[in-house]
Amino acid sequence: MDCFNNKGLKYTCGKAFPFGATVLPDGGINFSINSHSAEACFLQLYKLGEKEPFADFEIPSSFKVGDNYAVTVYGLDYRSIEYTYRFKGSFDENAKVLDPYSKLVSGREVWGEARGKNVPFRSRVLQDDYNWETDRALQTPIEDLVIYEMHVRGISMGSASPVKKKGTYAGVVEMIPYFKDLGVNCVELLPVFEFNELEYVGNIKDRPMFNYWGYSTISFFAPKEAYSSDKSYAGAVREFKDMVKALHKSGIEVILDVVYNHTAEMGEGGPYLNYKIIDNNIYYILDEKGGYRNLSGCGNTFNCNHPVVRSHILDSLRYWVTEFHVDGFRFDEAPVLTRDSNGEPMENPPLIEAITEDPILCKSKVITETWDAAGLVQIGHFPGGPRWAEWNENYRNSLRSFIKGDSGSAKNFISSIMGSPEYYKGEEAHTTVNFVTCHDGFTLNDLVSYNQKHNEENGEDNRDGTNWNISFNCGVEGPTEDEKIESLRTRQVKNAFALLLLSRGVPMMCSGDEIRATHKGNNNVYCQDSPLSWINWENKDLYPDVYDFFKTMIHLRLENPVLRRKDSSLEFFSCSGGKLDMKKEFDSFAFMYSNENDYIYCAANTGEKSCSVTLPEGVCWTVVSDSSEELEKGSEVGSFTLNERSVAVLKGRKR
């Protein structure tokens, strides 16, 4: 039966599936949304950009099936409308909320433009017929990846950036020749789901604050509009897909950093965007008084293992795999995804089991951050099994401590080189994602240039950000013209990266480290959208030797399977060639990978004095790199002197 509202709008009973807004072959648009607690559901329709709706009507109760409200509306141009919902029986019946299944979200199309204008978020209808040609997810074995973590905006916004379409998905495409030259074969993008960069309303020293990193999701299905240079209808969707297709064509995988542990609705006093109004007690973990359990550190905690929420998250992941061809996901504060409705960790979380076994997601990379803000740490025992890789913070700490020269650190770091066998064994040997730096914390340059954080620019009197950085400034805090200190810093940057690329597991680097990018000692640039957080590409000309060193090490890893194969032999020696005495203190050692006729050898010295290195006999050794630049690249050696605080890498073939 057809119905007409007071504006003459024709509508009929809709279909429950698929959820969200769908353009039908007969020209109608089907709207479908679920709410358990609502007494009635109202649909508001707007002409694009107009303040008030041209239609606001209750979806008839006769159209309802279970908790689902569905209606098909005719006579609409899907390109030029926006829509919201409101719910009778919610604690704010006037709140106009987003569709949780929105594929497009309006309100923040241009980065920062809506500041002070109180522009609302609204859902839009997506009709998409993108031509993927022959593109598919690449399915590169995870142990063969070199991951490049990057911010879509920050990678290209700097004034010296070679990119024309700065800060956009199209700008990432322009960076592909750079990625190829450097050698990375996977980019891990900081959050690209729609978020509110204007979430913070204050200023920092007369400059506006921004939610720069984006760890505060508005919609789990919509790409960030402001990261698109194409401002036409569905431009962000097309441009994102163009980016993925171009990266895949160049052999580069795409992993998304995703945030399902909390939402942008925050806690008490936070905005009403959708879930609070739709079903507050289903979507969030609440305490006995009905308050928000803040296990994420961001005001609320998503109730991930509730059947409704679990299904919602799975739908989102499947959507990005099927519709955007992404290769995998890194889950922010992943332990939250293992908690039950009371916030307690589960031995076999249904969500994790579902992701692991899902027929659509079963070939996708899944990587966890192994801790949450409430103190749950699951390194080495995340309940998803060996298919789940893990950010290994212990690797980061042990490498930082070793290159810093801390007493006893060499023994701990040897275990990290081996792939952290105290955590990962057998099938799990390559589930450790090793890193020295990431978006959160010091850059690699700042790790060797500052002993303390310098976050004054964040406006919190330097209270924010961690105080435990395991850093060493090489003798002077911050920038210096002392050539000896600068030389040592460059050497330390190279040392850290060489050891990262030569460790068992999956190496991940932070964008800009290859050119000694700096945040000027700020280890928490979450609120900084400025040259402080953007990569300064002038550094590529200032530090060409650092870039070439990174490039050499990446290509060495990719071109030599002996560094990645699980069955490769890995042996450790003293630099003099003898057996390494693990009962004694030492600040230098050597290790060698071998498999059939392939050998990779590394000597590492974090001491204040040089040491003599004797190489294994019967092998012709060629210098790959020397962080002190004492050894000539490509030269053949049988023994050599390794300078203080240096790492040398050699490649060997049997004589």
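Asks: So what exactly am I meant to see when it comes to the overall build of the protein chain here?
Replies: On a plain count of helices and strands, the protein chain comes out with 12 helices and 28 strands. By the compact-globule yardstick of 26 Å for 655 residues, the protein chain fits well, its C-alpha radius of gyration being 27 Å. Once the C-alpha set of the protein chain is aligned to its principal axes, its extents read approximately 90 × 50 × 50 Å. Within the protein chain, buried positions represent 61% of all 655 residues.

Asks: What is the right way to read the state of the cysteines from this model?
Replies: Joining two cysteines, a disulfide is a covalent bond between their sulfur atoms. Under the definition given, this model contains zero disulfides. Of all cysteine sulfurs in the structure, the one in C13 sits closest to C41, which takes part in no disulfide; the separation is 13 Å. With no disulfide of its own, C362 lies 18 Å from the sulfur of C186, the closest cysteine sulfur. Assessed through its relative accessible area of 31%, C362 is described here as partly exposed.

Asks: I keep staring at the sheet that holds strand β20 (residues 506–510) and nothing clicks. Help me out?
Replies: What holds strands together in a sheet is hydrogen bonding between their backbones, with the strands either parallel or antiparallel. An order of β11-β12-β15-β16-β17-β18-β19-β20 is seen for the eight strands of this closed barrel, with the pairing classed as parallel. The average undirected angle you get between the axes of adjacent strands in this sheet is 30 degrees. Contacts between helix α3 (residues 235–249) and the sheet are confined to β12 (186–189) and β15 (253–258), with β15 contributing the most and set at about 135 degrees to the helix.

Asks: Help me out: how do you make sense of the nonpolar core in this one?
Replies: For soluble globular proteins, the rule of thumb is that nonpolar side chains tend to be buried together. Core analysis: the largest hydrophobic core is formed by 168 residues, its most contacted members being F31, L45, Y148, F179, L256, F331 and F589. In this structure, L256 is in contact with L189, V192, F193, F240, W320, V326, G328, F329 and R330, ignoring residues within four places of it in sequence. Among the nonpolar cores identified, the runner-up in size contains 19 residues, and F573, Y601, C611 and L615 belong to it.

Asks: When you look at the pattern of salt bridges in this model, what are you seeing that I'm missing?
Replies: Within this structure, the stated rule accounts for 31 salt bridges. The partner of R565 in a salt bridge is D567, with the nearest N and O atoms 3.0 Å apart. Look at R565 and you get partly exposed, because its relative accessible area is 34%. In this structure, the salt-bridge partner of R645 is E608, at a minimum N-O distance of 3.1 Å.

Asks: Got a minute to help me understand the environment of I218 in this structure?
Replies: For I218, the position within the fold is in the loop between β14 (207–208) and α3. Under the relative-accessibility criterion, I218 is labelled buried at 4%. Along the chain, I218 and D315 lie 97 residues apart, while their C-alpha atoms are 16 Å from each other. Beyond its immediate stretch of four places on either side in the chain, I218 contacts L98, F121, E194, F195, N196, A264, L273 and N274.

Asks: Got a minute to help me understand empty space enclosed by the protein in this structure?
Replies: Over the atoms a probe the size of a water molecule is rolled, and this reveals where empty space is left. Evaluated as defined, the whole model comprises three cavities of 30 Å³ or more. As a volume, the largest cavity reaches approximately 210 Å³. As for the largest cavity, its lining consists of 19 residues, and the residues nearest its centre are H151, C510, S511, H519 and S533. When grouped by side-chain class, the residues that make up the lining of the largest cavity number nine nonpolar, eight polar and two charged.

Asks: Would you explain the pairing of strand β17 (residues 365–368) in this entry?
Replies: Residues K365 and I367 line one face of β17 and the alternating positions V366 and T368 line the opposite face, and both faces are buried. With four bridges joining them, strand β16 (residues 328–331) and β17 adopt parallel strand pairing. Bridge pairing links F329 to V366 in β17. At this point the chain moves from β16, through helix α6 (residues 350–357), to the parallel β17, and the crossover so formed is right-handed. Here β17 pairs with strand β18 (residues 388–391) via three bridges, running parallel. Note on β18: the bridge partner recorded for I367 is A389.

Asks: Looking at this structure, I do not really get the packing of helix α7 (residues 393–404) against helix α8 (residues 409–417). What am I missing?
Replies: Helices that pack against each other are described as a pair by the angle of their axes relative to one another and the distance between those axes. With their axes 9 Å apart at the nearest point, α7 and α8 run at an angle of 140 degrees to one another. In terms of orientation, α7 lies oblique with respect to α8. In this structure, α7 crosses over α8, and the sense of that crossing is left-handed. Facing N394, Y395, S398, L399, S401 and F402 of α7, the residues of α8 in contact are S409, A410, N412, F413 and S416. Its residues assigned to classes, the contact of α7 with α8 shows five nonpolar, six polar and no charged.

Asks: Even after reading the chapter, I still don't get unusual backbone geometry, so can you show me in this structure?
Replies: Across residues other than glycine, the phi torsion is negative in most instances, and most of the peptide bonds are trans. A cis amide bond links F17 with the next residue in sequence, P18, at an omega value of -5 degrees. For P18, the position within the fold is in the loop between β2 (10–13) and β3 (20–23). Despite not being glycine, N462 has its phi angle at roughly 65 degrees, a positive value. You can see N462 is positioned in the loop between α9 (444–447) and α10 (483–501). Although it is not a glycine, K520 adopts a positive phi angle of roughly 55 degrees. Inspection of the secondary structure puts K520 in the loop between β20 and α11 (539–542).

Asks: Looking at this model, I keep getting lost on the packing of aromatic side chains. Mind explaining?
Replies: The description of an aromatic ring pair rests on the distance of the ring centres and on the angle between the ring planes. Summed over the entire model, instances satisfying the criterion amount to 59 aromatic pairs. Ring geometry for F240 versus F324: centroids 5.2 Å apart, planes at 85 degrees, classification edge-to-face. Of this pair, F240 sits in helix α3 while F324 sits in helix α5 (residues 307–324), and the two are 84 residues apart along the sequence. The class of F324 is buried, set by a relative accessible area of 0%. If you follow R86 out to its NZ or CZ, it ends over the ring of F42, 4.1 Å from the centre. It is R122 that lies over the ring of Y46; its NZ or CZ is 3.7 Å from the centre.

What counts, and at which threshold
Residues numbered from 1 in each chain as written. Predicted model: local features only at pLDDT ≥ 70, side-chain atom pairs only at ≥ 80, totals over all residues. Heavy atoms only, no water. Helix = DSSP H or I, 4+ residues; strand = E, 2+ residues; numbered from the N terminus. Rg over C-alpha atoms; globule rule 2.2 N^0.38 Å. Buried < 20%, exposed > 50% of the residue type's maximum accessible area, 1.4 Å probe, protein only. Disulfide = S-S within 2.5 Å. Pairing = 2+ DSSP bridges. Axes fitted to C-alpha atoms, helices over the stretch in contact; angles between N-to-C directions. Contact = heavy atoms within 4.5 Å. Core = buried A, V, L, I, M, F, W, Y, C linked by side-chain atoms within 4.5 Å. Salt bridge = Lys/Arg side-chain N within 4 Å of Asp/Glu carboxyl O. 1 Å grid on protein atoms, 1.4 Å probe; cavity = no way out; pocket = protein on both sides within 12 Å on 5 of 7 lines; lining within 4 Å. Points joined across faces, edges and corners; volume = space filled by probe spheres on them. Nonpolar A, V, L, I, M, F, W, Y, C, P; charged D, E, K, R; others polar. Right-handed = clockwise from strand over helix to strand, strands pointing away. Parallel < 35°, antiparallel > 145°, perpendicular 65-115°, else oblique. Left-handed = near helix turned anticlockwise from the far one by under 90°. Phe/Tyr/Trp six-rings, centres within 6.5 Å; stacked < 30°, edge-to-face > 60°. Lys NZ or Arg CZ within 6 Å of the ring centre and 35° of its normal.

Purely geometric numbers; function is a separate question.
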